[in-house]
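Examining the three-dimensional arrangement
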Amino acid sequence: RTGAGFGTPLPMADPSEKITVDDCRVGAWVEVSNGGKEPWRGMIAKVDPTSSQPIAVKWVGNASPGLAVKPGVRWPTNTPDGLYTWRGGIHFVELETLLEVNDDLFHVANRKGLQHAELPCKPANVFCYERTCGGRCTGVPSASHPPPPAKQKDTAGTKGKVKPAAQPTAKAKPTPAPAPKTHNKPGPKPHSSASAKKGSNEKVKPAEEKKRKYDDAALGKYFEWEHNITGDCKPCDVLVPFTYHTSRIFNLEPGGVNYLVEERADPNNVRCSCSTSLLPALTDMLGKIEDLHKISKGQCPYRAMQCGGLLYHMHVYQDPVGKGYGVRALEPIKKGALICEYSGEIITTDEATLREQSYVQLGLFYLHDVHGKHNRGKYTIDPTMYGNVARMLNHSCDPNVTTLEMNSVNIMGDKIPKVPRLVLFAKRDIDAEEELCIDYSPGRDREDQLQKIMRCFCKTSKCKGWLF
């Protein structure tokens, strides 16, 4: 599923109006270019001049009537227009994407008739956009400090017009994840700009890839996300925090009020179907493949797929050249081998459509429709708030991982519908330390087939320039 509704890109700005790091400080409001008519907005949460993405922005989004805040909690139907609240988490952006830095873009909303008891969040977290307020807010609190002059890119007297820039990957802030176990075993070092621990003297240069050796016993701490999955940091500390969950969560009632976690089958009770179902499906998609058990360390990938097993070691790391976090293989993986399941919330397509309206504004592109034979168009997987390691794979226009839908072994009977599993497999042989990537827009191989709303950083020979 991809976003729509973006208008004509804004014209280019005068280069002399370039915003610098010195213009940015924590607490100032910003507008950020996303290639569309309406920019993203938020507050500067951190400034790191040493990083290629030096500005961390805490995002705000429209507080639309009926918008879900959390399961069972939505904005009331009488919510006035023009209100904003914290939405999308905190993410680092490039200076070139900043349209404006200004202390007074927003103020705490104080609308007549706005009942605090009806709000789904604290009143102090409801904001009004200064330029559309029109005096509707009364008793607006003054700034806590004298604001410096606003720094703004400007062309021919119109505010904030700039060429489309690389869009930050802003995503909805989920419920904080439980802290995984910390180990002092061999593992990669955290990236210094985002997840390095106090006392570390190592700095990773933002503009170059630092080669990491995974068998070096002196590399210090890493975090275990689940069996065979480690990370530079915890799931709750990535740029877009989320709750790590290895099973699918069925959330099919309107408003998301009834979560049902899928129970996994016991491997001893699952019959191997590699030769009858898995191998034929993979062969049709990828061509000739070696014996599945042989390339899976003698284990059954069909059982692992149904029971939530991970057969290969993988590591979540922060990419130093602007792609955010990604996933690396820590050992060679053969073509056709099981990587993992794409896990998350199973929601109806109607609910997905509602969520997508807000997700698109924030650059959230996690939704994946399920095209099962008996339920086509009924269900969507959403790992935005709850997901596993598959959520962290980056895009590539020449991916080494692909997706395949497989029927699920259901041990819960009529409690959950028959929704196929979306499973990731190696598209070709993958080397140790190679990044695992999928294609976010499969089947669209030409630039004119894309909406051009998010730039691609894969740098492969087949790069289309855009993710969508």
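In what follows, the structure referred to is the one given above.
This section reports on the structure supplied with the text. (Residues numbered from 1 in each chain as written. Predicted model: local features only at pLDDT ≥ 70, side-chain atom pairs only at ≥ 80, totals over all residues. Heavy atoms only, no water.)

**Remarks on the packing of aromatic side chains**
The geometry of an aromatic ring pair comes down to the distance between the two centres and the angle between the two planes. All chains considered together, the criterion is met by 12 aromatic pairs. Look at Trp225 and Tyr244: their rings are 5.5 Å apart centre to centre, the planes differ by 75 degrees, and that puts the pair in the edge-to-face class. Of this pair, Trp225 sits in strand S14 (residues 222-226) while Tyr244 sits in strand S16 (residues 243-244); the two residues are 19 residues apart in sequence, bridging distant segments of the chain. For the residue pair Trp225 and Tyr244, the accessibility class agrees, reading buried in each case. An angle of 65 degrees between the planes, with centres 5.8 Å apart, marks the rings of Tyr259 and Tyr386 as edge-to-face. Of the two residues, Tyr259 is situated in the loop between strand S17 (249-250) and strand S18 (260-261) and Tyr386 in strand S25 (residues 386-387); the sequence distance between them amounts to 127 residues. Taken together, the aromatic side chains of Trp29, Tyr84, Trp86, Phe106, Phe127 and Tyr129 make up a single cluster linked through ring pairs. Taking NZ or CZ as reference, Arg41 lies 4.1 Å from the ring centre of Tyr129, over its face. Here the basic side chain of Arg391 rests over the ring of Phe242, its NZ or CZ set 4.0 Å away from the ring centre. (Phe/Tyr/Trp six-rings, centres within 6.5 Å; stacked < 30°, edge-to-face > 60°. Helix = DSSP H or I, 4+ residues; strand = E, 2+ residues; numbered from the N terminus. Buried < 20%, exposed > 50% of the residue type's maximum accessible area, 1.4 Å probe, protein only. Lys NZ or Arg CZ within 6 Å of the ring centre and 35° of its normal.)

**A few points about the sheet that holds S17**
One open sheet holds the 5 strands; their spatial order is S18-S17-S22-S24-S23, and the pairing between them is mixed. The sheet is open, and its two edges are formed by S18 and strand S23 (368-370), each paired on a single side. Examined bridge by bridge, S17 and strand S22 (residues 345-348) share 2 bridges and lie parallel to one another. By the bridge assignment, Phe250 is partnered in S22 with Ile346. (Pairing = 2+ DSSP bridges.)

**Things to note about the sheet that holds strand S21 (residues 338-341)**
Taken in spatial order, the 3 strands make up an open sheet running S21-S28-S27, and their pairing is antiparallel. Strand pairing shows two members of the sheet lacking a second neighbour, S21 and strand S27 (401-406), which therefore form its edges. Each strand of the sheet is rotated relative to its neighbour by a mean of 30 degrees, with strand direction disregarded. Bridge count between S21 and strand S28 (residues 421-426): 3 bridges; the pairing is antiparallel. Its bridge partner being in S28, Cys340 is matched across the sheet by Leu424. Contacting S27 and S28, helix H2 (residues 274-286) runs over the sheet at an angle of about 135 degrees to S27. (Axes fitted to C-alpha atoms, helices over the stretch in contact; angles between N-to-C directions. Contact = heavy atoms within 4.5 Å.)

**Re the side chain of Arg421**
Inspection of the secondary structure assignment puts Arg421 in strand S28. The contact partners of Arg421, leaving out residues within four places of it in the chain, are Arg248, Glu262, Arg264, Met305, Gln306, Glu341, Leu404, Glu405, Met406, Ser408 and Val409.

**Here's the deal with the pairing of strand S1 (residues 29-32)**
What you see with S1 is no split at all: Trp29 and Glu31 on one side and Val30 and Val32 on the other are buried throughout. As defined by bridge partners, S1 adjoins strand S7 (residues 98-102) across 4 bridges and the pair is classed as antiparallel. Paired with Glu31 across the strands is Glu100, a residue of S7. Pairing of S1 with strand S2 (residues 40-47), which is carried by 4 bridges, proceeds in the antiparallel orientation. Residue pairing across strands places Trp29 opposite Met43, the latter belonging to S2.

**Some details on the pairing of strand S9 (residues 126-129)**
Of the two faces of S9, the one carrying Val126 and Cys128 and the one carrying Phe127 and Tyr129 are both buried. Sheet topology note: the strand S8 (residues 106-108)/S9 ladder contains 3 bridges and is antiparallel. Its bridge partner lying in S9, Phe106 is registered against Tyr129.

**Quick word on the side chain of Asn251**
Among the secondary structure elements, Asn251 is positioned in the loop between S17 and S18. Of the residues examined, Asn251 reaches a relative accessible area of 2% and is grouped as buried. At 3.4 Å, the side chain of Asn251 and the side chain of Tyr259 are in polar contact. For Asn251, the side chain forms a polar contact with the side chain of Glu345, separated by 2.9 Å. (Polar contact = N/O pair within 3.5 Å; in protein donor to acceptor, adjacent residues only side chain to side chain.)

**Some words on H2**
If you check H2, its first and last C-alpha atoms are just 15 Å apart, much less than what 13 residues at 1.5 Å a residue would give, namely 18 Å. For H2, the set of buried residues is Cys274, Leu278, Leu282 and Leu286. Those residues of H2 that are buried lie in contact with helix H3 (301-307), S27 and S28. Positive backbone phi, approximately 90 degrees, marks Gly287, located one or two places after H2. (Expected span 1.5 Å × (residues − 1).)

**A few points about unusual backbone geometry**
The residue Asn228 is not glycine, and still its phi comes out positive at about 75 degrees. In this structure Asn228 comes out as buried when scored by relative accessible area, which is 11%. Positive phi, close to 60 degrees, is recorded for Lys297, a residue that is not glycine. Inspection of the secondary structure puts Lys297 in the loop between H2 and H3. Note on Lys297: relative accessible area 41%, which makes it partly exposed.

**Some details on the nonpolar core**
Counting residues in hydrophobic clusters, the biggest one holds 62 residues, and the most contacted among them are Trp225, Leu278, Ile339 and Leu436. Of the residues forming this core, the biggest block, 5 residues, is contributed by S28. (Core = buried A, V, L, I, M, F, W, Y, C linked by side-chain atoms within 4.5 Å.)

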